[in-house]
Amino acid sequence: MSLKGRLFWKILFGFWFTIIMMSQLLWVAFSLYRHEGPPEQRMANQLAERQLAAAASLLQRQGPAAVAALQASWPARERRLLQLEPVAAEPSTTQGGRILLGADGRHYRLDYDSAGLQQLLAPPQPRSDWLNMPPPMWWIGGLGGLFFSALLAWHLTRPMNRFRQGFERLAQGDLAVRLYPAMRRRHDEISDAARDFDAMAERLQLLVESREQLLHDVSHELRSPLARLQLAIGLAQQDPVRIEGSLERIQLETQRMDKMIGELLTLTRAGHGERDGEEYYDLQGLVDAVVSDARYEAQHMGVEIKTWVDETQEYTVCGQAELIRRALDNVLRNALRFSQAGQTIRLTLMRQGDEFIVEVADQGMGVDESKLSCIFDPFVRIGSPAAGKGYGLGLAITRKAIQAQGGRVDARNGEEGGLIVTLHLPG
């Protein structure tokens, strides 16, 4: 791992400095603000009281000579702590000492230097350069804090480096890069960000692959009419008598190409999910208008279209009415394409919870279960003679249009045959 990242050093020195400061401040706090005081101070006070009591007892019972003998038995450095001076006063207790009546009938002032004793009892403290801190505190706060800070900084900056490498690979076109498998054990916000990164990369990969597939399909679909156009032009050049028929063929192929390009543009606009042009419209009125147009074509085919609407509900929807009209029209025409004379198409409009449901069911041949999941992809045709009439873009436009409005579309085979396409729109 490279240690050149600025974030690593910021985290390292930030935590290291904090640990050192906390260790030193804790030492100062314990030394200055402990209620009982330092241990050597408590020991000095207790010993001073005992020594003073012993000297006072000897002075009162045996006189100053006995006190001098006791003082001589102490170590040389402790002898100076006890002071005995004759005074002319009544027996009393003053700050820092006592005035007592000795065995010889005279009054004496008896003092004991407890602060000096505290200095003698205190262990030798090697001086340091700052705050008189003992060296072990520096070692613990310095080396221990450095190790902990480096470990924490490495733990936090390593995923950042992985994110940077992931974005670099993504920018270079490697859409297969994934970060979550290597970070799933963290169980923190960074692993959540890695999961979001993988979702983004997967979405980009899907979009790029779908665009590439769409370009491939478009080029494949345009190749046939272009070939027929070239053939018609070649025949017209070879035989002037066929010019009129060739022009009719050129016009027909041009119209087909124009229709397909128009559907591709509609598919692209719907796929962008733009929310411009939204308005409130009556979904029931839109359904009635689309069914009315489809019935005109269905009459010539001998197919009946029946509708059922839950009249107890209100069907005011906010969205792009033209996109929904195009989506529903594509579903109905797809049902007509696979219907035969004497069959019935049923359209149902109702509300379930927060969704509006539009269901279109035909009595055609249905779709193989293995192909149900891909009938909404561009240029996908069902293997039947009726499927050859279109370009496989109708249901793809329907899905993009419904998704652009925040809804979804699905398809299933009916229990008695036929295909059932259901549009779900947010209420």
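Located above this text is the structure these notes cover.
Participant: In this structure, what is going on with helix H10 (residues 283-301)? I would like to understand it.
Facilitator: The α-helix winds at 3.6 residues per turn, so residues separated by three or four positions along the chain end up facing the same way. Taking 1.5 Å of rise per residue, 19 residues should cover 27 Å, and H10 covers 27 Å from first to last C-alpha, within 8% of that figure. If you look at H10, its biggest bend is around 30 degrees, right at Arg295. For H10, the set of buried residues is Leu283, Gln284, Leu286, Val287, Val290, Val291, Ala294 and Ala298. The N-capping residue of H10, defined by a side-chain oxygen 3.2 Å from the backbone nitrogen of Gln284, is Asp282.

Participant: I would appreciate a short explanation of the packing of H10 against helix H11 (residues 321-337) in the present structure.
Facilitator: The relative placement of two packed helices comes down to the angle between their axes together with the axis-to-axis distance. At their nearest, the axes of H10 and H11 sit 10 Å apart, and the two run at 30 degrees to each other. As far as their axial angle goes, H11 and H10 are roughly parallel. Between H10 and H11 the crossing geometry is right-handed. Residue-level inspection shows Leu283, Leu286, Val287, Val290, Val291, Ala294, Glu297, Ala298 and Met301 of H10 in contact with H11, the latter providing Ala321, Ile324, Arg325, Leu328, Asp329, Leu332, Arg333 and Leu336. In terms of residue class, the contact of H10 with H11 is made up of 13 nonpolar, no polar and four charged.

Participant: What am I meant to see in the sheet that holds strand S9 (residues 355-361) here?
Facilitator: In a beta sheet, neighbouring strands are held together by backbone hydrogen bonds and run either parallel or antiparallel to one another. Judged by pairing direction, the sheet is mixed, and its five strands sit side by side in the order S6-S8-S9-S11-S10 without closing on themselves. With partners counted over all chains shown, the strands left at the sheet margins are strand S6 (304-309) and strand S10 (408-413), one partner each. Going across the sheet, the axis of each strand differs from the next one's by a mean of 15 degrees, ignoring polarity. One ladder, built from six bridges, connects S6 with strand S8 (residues 344-352); its direction is parallel. Opposite Val309, over in S8, you have Leu349 as the bridge partner.

Participant: Hey, could you run me through the side chain of Asp310 in this one?
Facilitator: Tracing the chain through its elements places Asp310 in the loop between S6 and strand S7 (316-319). As a buried residue without a salt bridge, Asp310 has its nearest oppositely charged side chain in Arg351, at a separation of 9.1 Å. Not counting residues up to four positions away in its chain, the partners in contact with Asp310 are Tyr315, Leu349 and Met350.

Participant: Explanation requested: a negative patch on the surface in the structure shown.
Facilitator: On the surface, Asp282, Asp288, Glu311 and Glu314 cluster together to form a negatively charged patch. With respect to the secondary-structure elements, Glu314 resides in the loop between S6 and S7.

Participant: Looking at this structure, I do not really get helix H3 (residues 64-73). What am I missing?
Facilitator: If you check which residues of H3 are buried, you get Ala66, Val67, Leu70 and Gln71. The arc enclosing the buried residues of H3, seen along the axis, measures out at 140 degrees, which places them on a common side.

Participant: Please clarify how the pattern of salt bridges should be interpreted in this entry.
Facilitator: Charged atoms that come close allow side chains of opposite charge to pair. Per the counting criterion, the structure on display carries nine salt bridges. When the shortest N-O distance is used, the salt bridge between Arg109 and Asp111 registers 3.0 Å. What makes Arg109 partly exposed here is its relative accessible area of 25%. Between Arg325 and Glu322 there is a salt bridge, with the nearest N and O atoms lying 2.8 Å from each other. A residue pair is termed a helical-turn pair when its members lie 3 or 4 positions apart in one helix, as Arg325 and Glu322 do in helix H11 at three residues.

Participant: Help me understand the pairing of strand S4 (residues 107-112), please; the structure alone is not making it clear to me.
Facilitator: On a regular strand, one side chain projects to one face of the sheet and the next to the other, so that they alternate. For S4, the tally of buried residues reaches five of six residues, placing the bulk of the element in the interior. In terms of strand pairing, strand S1 (residues 82-87) meets S4 through six bridges, oriented antiparallel. Across the sheet, Glu85 pairs through a bridge with Arg109, a residue of S4.

Participant: Just checking my understanding: could you explain the nonpolar core for this structure?
Facilitator: For soluble globular proteins, nonpolar side chains are generally found buried alongside one another. Counting residues in hydrophobic clusters, the biggest one holds 42 residues, and the most contacted among them are Leu283 and Leu328. Residue assignment for this core shows that the elements contributing at least two residues are H10, S6, H11, S8, S9, helix H12 (394-404), S10 and strand S11 (419-426). Ranked by residue count, the leading element in this core is H11, at nine residues. When sequence neighbours within four positions are dropped, the list of residues in contact with Leu283 reads Tyr315, Val317, Ile324, Leu349, Phe356, Val358 and Leu425. Leu52, Trp74, Leu82 and Tyr108 belong to the second largest nonpolar core, which has 18 residues in total.

Participant: I keep staring at the packing of aromatic side chains and nothing clicks. Help me out?
Facilitator: In this description, an aromatic ring pair is defined by two values, namely the gap between the centres and the angle between the planes. The final tally for this structure, using the stated rule, is three aromatic pairs. A centroid spacing of 5.0 Å and a plane angle of 85 degrees characterise the contact between Phe167 and Phe197, whose relative ring orientation is edge-to-face. With a gap of 30 residues between them, Phe167 in helix H6 (residues 135-171) and Phe197 in helix H8 (residues 189-238) connect regions that are remote in the sequence. Judged by relative accessible area, Phe167 falls into the partly exposed class, the value being 43%. The buried category is assigned to Phe197, whose relative accessible area is 3%. Between Tyr315 and Phe356 the ring centres are 5.7 Å apart and the planes differ by 50 degrees, which places this aromatic pair in the tilted class. Residue Tyr315 is located in the loop between S6 and S7, and its partner Phe356 is located in strand S9; the two are separated by 41 residues in the primary sequence. Accessibility expressed as a relative area gives 1% for Phe356, which makes it buried.

About the criteria used
- Residue numbering note: each chain is counted from 1, following its sequence as written.
- Predicted model: local features are reported for residues with pLDDT of at least 70 only, side-chain atom pairs are reported and counted for 80 or more only, and whole-chain, interface and lining totals are derived from all residues.
- Hydrogens and water molecules were not included; the side-chain quantities draw on all heavy atoms of the structure.
- Helical segments are the DSSP runs of H or I of at least four residues, strand segments are the runs of E of at least two, and each set is numbered from the N terminus.
- To estimate how far a helix should reach, multiply one less than its number of residues by 1.5 Å.
- Two axes are fitted around each residue, one to the seven residues ending there and one to the seven starting there, and the angle between them is reported as the bend at that residue.
- Each residue's exposure class comes from its accessible area (1.4 Å probe, protein chains only) as a fraction of the maximum for that residue type: buried when under 20%, exposed when over 50%, partly exposed otherwise.
- Residues adjacent in sequence count toward polar contacts only when both atoms are side-chain atoms; beyond that, a polar contact is any pair of N or O atoms within 3.5 Å, and within protein one must be able to donate a hydrogen and the other to accept it.
- To get an axis, fit a line to the C-alpha atoms, keeping to the stretch in contact for a helix; angles then go from 0 to 180 degrees between the N-to-C directions.
- What sets the label is the angle itself: under 35 degrees gives roughly parallel, over 145 gives roughly antiparallel, 65 to 115 gives roughly perpendicular, and the rest give oblique.
- By the definition used in this description, the sense in which the near helix is turned from the far one sets the handedness, with an anticlockwise turn below a right angle giving left-handed and a clockwise turn giving right-handed.
- Contacts are residue-level and defined by heavy atoms, with any inter-residue pair within 4.5 Å sufficient.
- By the convention adopted, Pro, Cys, Tyr, Trp, Phe, Met, Ile, Leu, Val and Ala count as nonpolar, Lys, Arg, Asp and Glu as charged, and the other residues, Gly among them, as polar.
- The rule for pairing is simple: two strands pair if DSSP sees at least two bridges between them.
- Residues counted as positive are Lys and Arg, residues counted as negative are Asp and Glu, and His and the chain ends are not counted.
- Any carboxyl oxygen of Asp or Glu that lies within 4 Å of a side-chain nitrogen of Lys or Arg is treated as forming a salt bridge with it.
- Patch construction takes residues with relative accessible area above 30% that form no salt bridge. Like charges are linked within 9 Å, and nonpolar side chains (Val, Leu, Ile, Met, Phe, Trp, Tyr) are linked within 5 Å.
- Calculation of accessible area relied on Shrake-Rupley with a 1.4 Å probe; when residues are assessed, cover is drawn exclusively from the protein chains displayed.
- By convention, the charge on Lys lies at NZ, on Arg at CZ, on Asp at CG and on Glu at CD.
- Here, the arc refers to the directions that run from the helix axis to the C-beta atoms.
- We define the nonpolar core as a collection of buried residues of types Ala, Val, Leu, Ile, Met, Phe, Trp, Tyr and Cys that are connected through side-chain atoms lying within 4.5 Å of one another.
- When the centres of two rings from Phe, Tyr and Trp lie within 6.5 Å, Trp using its six-membered ring, the rings pair. Their planes under 30 degrees apart give stacked, over 60 give edge-to-face, and anything left gives tilted.

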